[in-house]
Amino acid sequence: SPFHAFLKALPKCEHHIHLEGALTPSLLFSLAKRNSISLPTDDPSFASPEALIERYQRFTSLDDFLQYYYIGFSVLLHSSDFEALAWDYFQHASDGGVHHAEVFFDPQAHTSRGVSYTTVLSGFQAACSRAERELGITTELITCYLRHLPVSDALAMFDHAEVQESYRNGSIRGIGMDSSELDFPPELFQELFDKAREQGLRLTTHAGEEGPADYIATALNNLGVERIDHGIHLADDEELMKQVVARGTLLTICPMSNVVLRCVKEVKYVPIRKFLNAGVKFSINSDDPAYFGGYILDNYCAVHDAFDLSIAEWESIARASIEGSWCGDERKQEML
Ligand code: HPA
Ligand code: ZN
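Residues numbered from 1 in each chain as written. Chains lettered and ligands numbered in written order. Predicted model: local features only at pLDDT ≥ 70, side-chain atom pairs only at ≥ 80, totals over all residues.

- As named in an unreviewed UniProt entry, the protein is Adenine deaminase, taken from Polyplosphaeria fusca.
- Per its UniProt entry, the protein bears the Sequence similarities (unreviewed entry) comment "Belongs to the metallo-dependent hydrolases superfamily. Adenosine and AMP deaminases family. Adenine deaminase type 2 subfamily."
- In UniProt, the protein has this text filed under Function (unreviewed entry): "Catalyzes the hydrolytic deamination of adenine to hypoxanthine. Plays an important role in the purine salvage pathway and in nitrogen catabolism." (UniProt positions renumbered as here; feature names shortened; annotations may be inferred.)

And the structure:
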């Protein structure tokens, strides 16, 4: 449709994409073969890429998805695997009109398997350089900490020499937090976020995806994050919504993820209209595109189909995605 072309051409930024979530079943199977990794034999979903794709359409919750997400990590061993993964994502992002991407990865889930942080980072950095060179996409990398693991595990990762070096030399712009939400409220990780802030890192966290609005409040007030990843449960708390508007906090919303993980029944139940009316800033993102059936442009189109937004509304959403980015002001000006 003509609107699809308009949405594609809008200069936009993506802020909520887990690079490991860009592992398509086809890349998963080819890396498993190349690296001689055996996939689970007790789950018929791993019989073929087609069976896996079919299983991905039947996730019942965040945790149900996460078990597949973490099994997928097992095929990623070499720097070149991480490069191929990120490069696959950047090509799709470019096709969708992304000019700047701020991408998450989960260091703890690789080092715990014996894959070094430097292996992971160097592969992702190679893809970032290529994306800038060949696609004109600028990038920032964000290390996400896993909230289902002990706080001590996160702190040890944060203090690891290679990780510290990447923070000090600017390879990594900030930290986030992801994985299972409900049993792990943000304030558990106070010390981690205090240390990151003292070091001048930018801060964000997943909150209010499956968890309540209270988790968004403690993420903002205790951890001091400047963005909230997902944040759809903000719509349940009018008072907090006013605070978010006053602070100018950006939510990084992922509509197709919310439907596939059953946080909402359909895209039309993502509180997009409520946030627009209240003046809550948000960007629209893909989260784990290989698992949730679409990249950023698919998410823009799904929102358009559900809400029939005006051209002016779309321009303001894309502008918020640029203004809420963690790149320099010069780069923002180029995109605006
Ligand atoms: N939520 C929590 N953890 C995650 C997600 C998500 O949407 N994607 C990858 N890890
Ligand atoms: Zn996410």
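From this point, things continue past the structure.
### Comments concerning the UniProt feature "active site" (unreviewed entry) in the protein
So, point 1. Within the UniProt annotation, "active site" (unreviewed entry) is assigned to Glu209.
So, point 2. Assignment of secondary structure puts Glu209 in the loop between β5 (202–207) and α11 (213–223).
So, point 3. On the basis of neighbour counts, which here come to 23 C-beta atoms within 10 Å, the residue Glu209 falls in the buried class.
So, point 4. Sequence-distant contacts of Glu209, that is, excluding residues within four places in its chain, are made with Leu62, Glu181, His230, Ile232 and Cys263. (Helix = DSSP H or I, 4+ residues; strand = E, 2+ residues; numbered from the N terminus. Buried ≥ 20, exposed ≤ 12 C-beta atoms within 10 Å, placed from the backbone. Contact = placed C-beta atoms within 7 Å.)

### Side note on unusual backbone geometry
So, point 1. We note that Arg262 has phi near 65°; this positive angle belongs to a residue other than glycine.
So, point 2. Accessibility expressed as a C-beta count within 10 Å gives 14 for Arg262, which makes it partly exposed.

### Structural notes on the UniProt feature "site: Important for catalytic activity" (unreviewed entry) in the protein
So, point 1. The feature "site: Important for catalytic activity" (unreviewed entry), as annotated in UniProt, sits at His230 in this numbering.
So, point 2. Dropping the residues within four chain positions of it, His230 is found in contact with His206, Ala207, Gly208, Glu209, Ile253 and Cys254.

### Focus on the pairing of β5
So, point 1. The sheet contact formed by strand β4 (residues 174–178) and β5 spans 2 bridges and is parallel. By the bridge assignment for β5, Gly174 is matched with Arg202.
So, point 2. Between β4 and its parallel partner β5, the chain crosses via helix α10 (residues 190–198), and the hand of that crossover is right-handed.
So, point 3. Pairing between β5 and strand β6 (residues 227–230): 4 bridges, direction parallel. Across the sheet, Thr204 pairs through a bridge with Arg227, a residue of β6. (Pairing = 2+ DSSP bridges. Right-handed = clockwise from strand over helix to strand, strands pointing away.)

### What to know about the sheet that holds β4
So, point 1. The 8 strands are arranged β1-β2-β3-β4-β5-β6-β7-β8 in an open sheet whose pairing can be described as parallel. The sheet terminates laterally at β1 (12–14) and β8 (281–284), the two strands that pair on one side only. Strand after strand, the sheet turns through a mean of 25° between neighbouring axes, direction not considered.
So, point 2. Most of the contacts of helix α16 (residues 296–307) go to β8, to which it runs at about 120°, and overall it touches β1, β2 (98–105) and β8. (Axes fitted to C-alpha atoms, helices over the stretch in contact; angles between N-to-C directions.)

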